[in-house]
Amino acid sequence: MNEKLMESIADIAYHFGERSYFSGDSRADTITIIHLAKEFEAQEFDWEKDDYITEIKNFTYSKIDELLAGNHLN
């Protein structure tokens, strides 16, 4: 795994904790976090203009809202 992906995994996991998100299945949540990090890394950003911390926080919060609404992330 590359360092950039590991950083995204750590940041997304942090925001899951910040929002107190837990599905009840830690294994499933870990898999979801890894999937989301890969999805985030696949997006195109202009890092000269876009702020990484803001973008990953907004991305993660949006995905948590989808999870809470019962939407599947695939």
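Refer to the preceding data block for the structure.
What counts as what
Residues numbered from 1 in each chain as written. Predicted model: local features only at pLDDT ≥ 70, side-chain atom pairs only at ≥ 80, totals over all residues. Heavy atoms only, no water. Phe/Tyr/Trp six-rings, centres within 6.5 Å; stacked < 30°, edge-to-face > 60°. Buried < 20%, exposed > 50% of the residue type's maximum accessible area, 1.4 Å probe, protein only. Lys NZ or Arg CZ within 6 Å of the ring centre and 35° of its normal. Helix = DSSP H or I, 4+ residues; strand = E, 2+ residues; numbered from the N terminus. Expected span 1.5 Å × (residues − 1). Contact = heavy atoms within 4.5 Å.

Participant: Which parts of the structure should I look at to understand the packing of aromatic side chains?
Facilitator: Remark: the centre distance and the inter-plane angle together describe each pair of aromatic rings, the angle taken between the planes. Applying the stated criterion to the full structure yields six aromatic pairs. With a centroid separation of 5.1 Å and an interplanar angle of 35 degrees, the aromatic rings of phenylalanine 40 and phenylalanine 45 are classed as tilted. Classification of phenylalanine 40 by relative accessible area gives buried; the value is 2%. Among the aromatic residues, ring-to-ring pairing joins Phe40, Phe45, Trp47, Tyr52 and Phe59 into one connected group. A cation over an aromatic ring shows up here: arginine 19 above the ring of tyrosine 61, its NZ or CZ 4.6 Å from the ring centre.

Participant: Can you walk me through helix 3 (residues 52–68) in this structure?
Facilitator: An α-helical turn contains 3.6 residues, so any two residues separated by three or four positions project in the same direction. Under the 1.5 Å per step criterion, the end-to-end length of helix 3 is 24 Å for 17 residues, consistent within 8% with the ideal 24 Å. Along helix 3, the residues classified as buried are Tyr52, Ile56, Phe59, Thr60, Tyr61, Lys63, Ile64 and Leu67. Buried residues in helix 3 make contact with helix 1 (3–18) and helix 2 (26–42).

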